[in-house]
Amino acid sequence: MTTPPPRQTRQIPLDLGHRSAMGEADFLVAPGNQDAVAWLDAWPEWPAPVLVLFGPQGSGKSHLAQIWRARARANLLDVDDLRAEDLPDLLHPTRTAVLDGAQRVAGDPVLERALFHLYNLAKESGGHLLLLADNAPVNWVLRLPDLRSRLLAAPAVGMAAPDDSLLMAVLVKLFADRQVRVGEDVIEWLLTRTERSFANARRVVDRLDREALAEKKPITVRFCRQVLGDRGDM
């Protein structure tokens, strides 16, 4: 794993570490994501024009990228946007962009060439690209040697899927944000029966809160079964 630059991250400590980024989103810091947080907090002092943030679905990389995007006022790009005829427009006006699903350029000559040019544009203008991917560039089958060499030289930091302690903290926080108190048994039940991702945790808490308000009932394990089923299906 790439070592982040020596710069203190801006965090407000809670049990797992809690940071508020630009007042727009809260993010719980844990061992599986703390290196990524450090790298994004170090911007714009990155050693290269590109940073690759990779990890499985549900690891929180999109959430963290949105926090950085708000700070950098970066454009949000999809791989298909690289087919645009005027690539400089993709970095306008702040010279920063987030490219989601970046690994999908691999094997497509047009997309690989476009990303290579976008990399050079960012470098020449003093801008930055944040690439989001499922895995590290070393695992991408890139046909363009120049692009491969640049991406392999760029810092790449991985994010792990949330473990039990982090998911528990996220669920507790999501309920607390809505001023809803639930028992430990509810948290434990949700941990063992719902999809293990931050996005799903938000969906589950939102649904339970809405249903509880509508029916004027407390959120208990029995209520969770009633709303989500025995397996916690969404």
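Novice: Give a detailed account of the nonpolar core, specifying residues and quantitative values.
Specialist: Residues Val-50, Leu-82, Leu-99, Leu-115, Leu-129, Leu-131 and Leu-151 are the most contacted members of the largest nonpolar core, which totals 29 residues. Secondary-structure elements contributing two or more residues to this core are β3 (50-54), β5 (96-100), α3 (109-125), β6 (128-133) and α4 (145-153). The biggest single contributor to this core is α3, with 7 residues. Counting residues in hydrophobic clusters, the runner-up holds 26 residues, among them Val-186, Phe-198, Val-205 and Phe-223.

Novice: Give a detailed account of the packing of aromatic side chains, specifying residues and quantitative values.
Specialist: A complete count under the given rule lists 2 aromatic pairs for this structure. Between Trp-43 and Trp-68, the aromatic rings sit 5.7 Å apart at their centres with planes inclined by 85 degrees, giving edge-to-face as the arrangement. One end of the pair, Trp-43, is in the loop between α1 (34-42) and β3; the other, Trp-68, is in helix α2 (residues 61-72), with 25 residues separating them in the sequence. Since its relative accessible area comes to 14%, Trp-43 is described here as buried. Ring geometry for Trp-46 versus Trp-68: centroids 5.4 Å apart, planes at 20 degrees, classification stacked. Highlighted residues: Trp-46 in the loop between α1 and β3 and Trp-68 in helix α2, separated in sequence by 22 residues. Comparing Trp-46 with Trp-68 shows no difference in burial state: the two are buried.

Novice: Talk me through the packing of helix α6 (residues 184-193) against helix α8 (residues 221-228); I want residue IDs and the actual numbers.
Specialist: Look at α6 against α8: their axes get within 9 Å of each other, and the N-to-C directions meet at 35 degrees. Counted together, Asp-185, Val-186, Trp-189 and Leu-190 of α6 and Val-221, Cys-224, Arg-225 and Leu-228 of α8 form the full contact between these two elements.

Novice: Break down the sheet that holds strand β4 (residues 75-78) for me, citing the residues and quoting the values.
Specialist: Here 5 strands make up an open sheet; going across it, the order is β4-β5-β6-β3-β7 and the pairing parallel. What marks the edges here is a single partner per strand, and that holds for β4 and β7 (156-158). Here the strands of the sheet are splayed against their neighbours by 20 degrees on average, with no regard to which way each runs. Relative to β6, β3 is paired through 5 bridges, and the arrangement is parallel. Within β6, the position partnered with Val-52 by the bridge is Leu-131. Sheet contacts for α2: β3, β4, β5 and β6; angle to β6, the most-contacted strand, approximately 165 degrees.

Novice: Tell me about the pattern of salt bridges, and please be specific about residues and values.
Specialist: Any two side chains of opposite charge can pair, so long as their charged atoms come close to each other. Per the stated rule, a full pass over the model turns up 9 salt bridges. What you see here is one network of salt bridges that share partners, running through Arg-178, Asp-206, Asp-209 and Arg-210.

Thresholds applied
- Residues numbered from 1 in each chain as written.
- Predicted model: local features only at pLDDT ≥ 70, side-chain atom pairs only at ≥ 80, totals over all residues.
- Heavy atoms only, no water.
- Core = buried A, V, L, I, M, F, W, Y, C linked by side-chain atoms within 4.5 Å.
- Buried < 20%, exposed > 50% of the residue type's maximum accessible area, 1.4 Å probe, protein only.
- Helix = DSSP H or I, 4+ residues; strand = E, 2+ residues; numbered from the N terminus.
- Phe/Tyr/Trp six-rings, centres within 6.5 Å; stacked < 30°, edge-to-face > 60°.
- Axes fitted to C-alpha atoms, helices over the stretch in contact; angles between N-to-C directions.
- Contact = heavy atoms within 4.5 Å.
- Pairing = 2+ DSSP bridges.
- Salt bridge = Lys/Arg side-chain N within 4 Å of Asp/Glu carboxyl O.

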